[in-house]
Amino acid sequence: MFFTSCETENKITFKEVEITVEGNSIVSINIPKAERVNIISDHINTTIYQAISQSLSFGEENVNSKKSLEEQILSFNNQYNSFKKDFPDSVQEWEAQIDGDLMYQSSEIISIALSSYLNTGGAHGILTIYFLNFDATTGLQIKNEMLFNDIEAIKPITESYFNDFIEENNSDVFEADKFSLPQNIGYEDEGIVMLYNVYEVAPYASGIIQFTIPYNEISTYLNYN
């Protein structure tokens, strides 16, 4: 009972927060925020904020990693205002919508998904999804290669699911003979999620490619449970 109580007491909890600034009219951010005031929560929140800031900095040649999220929101608005000043007859409206969800949480790992939709005047907006995995005991981000004890063994399993998805959805891919793991790998209740964003391995028309590998097929190779 003592250890169960300690685990519950130390478990990081999340609440959904909206982040905005005065004068903002085109950026919408609603994300989970780690609530406990400690270094674990600080690490998680900082990484989430940095990922969002990066997604909003599309027009900046040199991204300032020290710029706060609030400053990045203002910068995005300022870029839009400059665009409207330069092209006053344009009817194009800019939009940035970023949402986050807690995908999975255990005593070992926390997986969070960030969904970023940006429309800055192109033929269509771009939806990008990011998976962030954290060590639940430290709050530090876990890189994809550290999720597995044998990443090479993961590739043929993932490739099989990838090929099944492509066949079932009649999707086109850029290089069908050159398989690679996705940039976004995350945990959910049913298994390990593999996600390829638009243009990562397929054209825009193919959309996002996403599938889940059940734990019973991959648990042997996982470093976190």
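The following refers to the structure shown. (Residues numbered from 1 in each chain as written. Predicted model: local features only at pLDDT ≥ 70, side-chain atom pairs only at ≥ 80, totals over all residues. Heavy atoms only, no water.)

## Regarding helix α3 (residues 69–86)
Argument step 1. Helix length check: α3 (18 residues) gives 26 Å between terminal C-alpha atoms against 26 Å at 1.5 Å per residue, within 8%.
Argument step 2. Among the residues of α3, Leu69, Gln72, Ile73, Ser75, Phe76, Asn77, Tyr80 and Phe83 are the ones counted as buried.
Argument step 3. Buried positions along α3 lie against β2 (27–34), α2 (39–56), β3 (95–105) and β4 (109–119). (Helix = DSSP H or I, 4+ residues; strand = E, 2+ residues; numbered from the N terminus. Expected span 1.5 Å × (residues − 1). Buried < 20%, exposed > 50% of the residue type's maximum accessible area, 1.4 Å probe, protein only. Contact = heavy atoms within 4.5 Å.)

## Re the packing of aromatic side chains
Argument step 1. Overall, the coordinates contain twelve aromatic pairs when judged by the stated rule.
Argument step 2. Ring plane angle 50° and centroid distance 5.7 Å describe the contact between Tyr80 and Trp94, whose orientation is recorded as tilted. Here Tyr80 is found in helix α3, whereas its partner Trp94 is found in the loop between α3 and β3, with 14 residues between them in sequence. Grouping residues by exposure puts Tyr80 and Trp94 together as buried.
Argument step 3. Both rings, one in Tyr196 and one in Phe211, keep their centres 6.5 Å apart while their planes meet at 35°; by these two values the pair is tilted. Within this pair, whereas Tyr196 is found in strand β7 (residues 191–196), its partner Phe211 is found in strand β8 (residues 209–214), the two being separated by 15 residues in sequence.
Argument step 4. Taken together through their ring pairs, the aromatic side chains of Phe76, Tyr80, Phe83, Phe87 and Trp94 make up a single cluster. (Phe/Tyr/Trp six-rings, centres within 6.5 Å; stacked < 30°, edge-to-face > 60°.)

## Observations concerning the environment of Gly121
Argument step 1. Within the secondary structure, Gly121 is located in the loop between β4 and β5 (126–135).
Argument step 2. In sequence terms Gly121 and Glu95 are 26 residues apart; their C-alpha atoms lie 9.1 Å from each other.
Argument step 3. Once residues within four sequence positions are removed from consideration, Gly121 is found in contact with Gln92 and Trp94.

## A look at the nonpolar core
Argument step 1. By size, the foremost hydrophobic cluster in this structure holds 31 residues, and its most contacted members are Ile29, Ile31, Ile44, Ile48, Ile52 and Leu56.
Argument step 2. Contributing elements (two or more residues each) for this core: β1 (14–18), β2, α2, α3, β3, β4 and β5.
Argument step 3. Counting residues per element, this core draws most heavily on α2, which supplies six residues.
Argument step 4. Contacts of Ile31, omitting those with residues within four sequence positions, involve Lys15, Glu16, Val17, Ile19, Ile48, Tyr49, Ile52, Ile98, Asp99, Gly100 and Leu114.
Argument step 5. Among the nonpolar cores identified, the runner-up in size contains 30 residues, and Ala113, Leu147, Phe148 and Phe162 belong to it. (Core = buried A, V, L, I, M, F, W, Y, C linked by side-chain atoms within 4.5 Å.)

## Here's the deal with the sheet that holds strand β6 (residues 184–188)
Argument step 1. Spatially, the three strands line up as an open sheet ordered β6-β7-β8, and their pairing is antiparallel. Two strands bound the open sheet, and with one partner strand each, they are β6 and β8. Here the strands of the sheet are splayed against their neighbours by 25° on average, with no regard to which way each runs.
Argument step 2. Judged from the six bridges that link them, β7 and β8 form a sheet pairing that is antiparallel. For Met194, the partnering residue across the bridge sits in β8 and is Phe211.
Argument step 3. Lying over the sheet, helix α4 (residues 151–169) contacts β7 and β8, oriented at roughly 130° with respect to β8. (Pairing = 2+ DSSP bridges. Axes fitted to C-alpha atoms, helices over the stretch in contact; angles between N-to-C directions.)

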